[in-house]
Amino acid sequence: MEQGVGKVFGKYVAFNVMGALGLSCYILADTYFVAAGAGAEGLAALNLAIPVYSFINGLGLMTGMGGATAFAIAGGRADDGKKRTIFTQVACVDLVISLLFSAGGIFFATPLSAALGADSQVLEKTSVYLRILMIFAPMFMFNNLLVCFVRNDGNPKRSMAAMVLGSLSNIVLDYVFIMVFHWGMFGAAVATGIAPIVSMAVLTGHLRSGSCGFGLRRGRLRPRLMAECAALGMSSLIVEVSAGVVMIIFNGLAAAAAGNTGIAAYGVLANLALVITSIFTGIGQGIQPILSRFYGEGNEPAMNQVYGLAIAASAAFALGIYAVCAVFARPVVGAFNHQGDPVLEAIAVRGLRIYFAGFLFAGVNVVTAAFFSAVSQPGRSFAVSMLRGFVVILPMAFILAAALGLDGVWLSMPASELVVAVFCLILYVWEKKNRKR
């Protein structure tokens, strides 16, 4: 059993970490090429617009992860009737939400950009990027939906390939649109919007295969089932939405301390952080199908083993990443500082060494939230995500920023992740004891 669980864990987690890394490179590629083509102002505009992408991505993951979790649990319990209808229910939710985002992008991109903190220097760049990003919302959301369902339908390799190829297309198109065609922020946004279309083209291969266990089915809408799927995916939504909210708050705090240069410096950290967080997200998404199946079967020893392996893997990644970033902070920042701005470099290098220490604890929190969601404990998953995303980090940021200035903003991330990690481990041990009774 142990060898079997370890082998399955390695297969699902490896594919999903690679896929999640590929997906996170959507925005990182934009960051690099926007920095090259538009300098610090472009970086600031991009960072102001990215929170909206987090909201779109979060809602797509809520329906995708929630629906796919319900799909896997129903499969483990051999509830074929419920299993067949889940995809249709969550696809309908995605359609409505994504069209609302698209309409918002068409009509409200400029006032929304101003509300996010864009001043006269960067308002036009922000609104251009934001408008295109929101118009492509259906592509982002349906890509997340298909990725999650294909993974839970026993094909993690195709999910990984789709995400990686989508990301590679984004990088290539970023270069072409920004560096060759000189389309600036418009080109960066269009490249990002095309990437999920490439990803979905790869995923449709699974839909055409004889092994596909989901699809659109005729039938009435079932609000209760939609609500169940949303609850199971709520932690994924909170992770993404909180990242957007935290980015908005940190943008404001960085601007108060160092203006648009502060926002640009935080943009470098935040976008690099998206890539690193994607490793933990990949681990969490990778263990979800395994845990949901074991939960449906009532196999508690296997569930506990999967959790332990996930914590160990996230800790190993975190230690390695922090060591590399701490030692090579200056060249890492330099890759995004094409104009050689010494103020931006000084802020970002110091910030990277402080801010990234939080990843030593973040893996525990992401994995624990994913664990509770996968074993049909959405309330506990929601609590972990809320603590990590809002309840602890926001007060911590304001308090430490008031006491220590910009250093306090960076320090709030590791401080809050540590507090939540202690809570997560206590909650998991308590839950494990209760399951034995």
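None of the values given here were measured: they were computed from a predicted structure. (Residues numbered from 1 in each chain as written. Predicted model: local features only at pLDDT ≥ 70, side-chain atom pairs only at ≥ 80, totals over all residues. Heavy atoms only, no water.)

Here we look at the overall build of the protein
When its secondary structure is counted, the protein shows 15 helices and 0 strands. Relative to the compact-globule value of 22 Å for 437 residues, the protein shows a C-alpha radius of gyration of 21 Å, a close match. The dimensions of the protein, computed from C-alpha atoms along their principal axes, are 60 × 45 × 35 Å. Residues counted as buried form 58% of the 437 residues belonging to the protein. For the protein, restricting intrachain contacts to residue pairs at least 6 apart in sequence, the fraction spanning at least 24 positions comes to 82%. Split by element, the accessible area of the protein, about 16,500 Å² in all, is 68% carbon and sulfur. Of the side chains in the protein, 28 bear a positive and 19 a negative charge, and the two mean positions are spaced by 11 Å. (Helix = DSSP H or I, 4+ residues; strand = E, 2+ residues; numbered from the N terminus. Rg over C-alpha atoms; globule rule 2.2 N^0.38 Å. Buried < 20%, exposed > 50% of the residue type's maximum accessible area, 1.4 Å probe, protein only. Contact = heavy atoms within 4.5 Å. Areas by Shrake-Rupley, 256 points an atom, 1.4 Å probe, with all protein chains shown as cover. Lys, Arg positive; Asp, Glu negative; His and termini not counted. Charge placed at Lys NZ, Arg CZ, Asp CG, Glu CD.)

A short note on the environment of Arg-151
Within the element layout of this structure, Arg-151 appears in helix 4 (residues 137–152). On the basis of relative accessible area, Arg-151 is assigned to the buried category, the value being 0%. Sequence spacing of Arg-151 and Gln-288 is 137 residues, and the spatial spacing of their C-alpha atoms is 9.7 Å. Dropping the residues within four chain positions of it, Arg-151 is found in contact with Tyr-12, Asn-16, Met-65, Pro-156, Ser-159, Met-163, Gln-285 and Pro-289. At 3.2 Å, the side chain of Arg-151 forms a polar contact with the side chain of Gln-285. (Polar contact = N/O pair within 3.5 Å; in protein donor to acceptor, adjacent residues only side chain to side chain.)

Looking at the domain arrangement of the protein
Frequently, the measure chosen for interface size is the accessible area that the parts lose on association. Domain annotation of the protein identifies domain 1 (7–221) and domain 2 (259–436). Its C-alpha centre places domain 1 at a distance of 21 Å from the equivalent point of domain 2. Each partner contributes to the interface: domain 1 provides 34 residues, whereas domain 2 provides 38 residues. With both sides pooled, the region where domain 1 packs onto domain 2 buries about 3,100 Å², and carbon together with sulfur makes up 71% of that total. Looking only at domain 1, the three residues that lose the most surface to domain 2 are Phe-9, Leu-28 and Asn-47, adding up to 18% of its buried area. At the boundary of domain 1 with domain 2, the tally comes to 0 salt bridges. Summed over the shared surface of domain 1 and domain 2, the number is 5 residue pairs in polar contact (both at pLDDT 80 or more). Taken together, the elements giving at least two residues each to the side of domain 1 that touches domain 2 come down to helix 1 (2–76) and helix 4. (Domains from an automatic or database assignment. Buried area = accessible area lost by both parts, 1.4 Å probe. Salt bridge = Lys/Arg side-chain N within 4 Å of Asp/Glu carboxyl O.)

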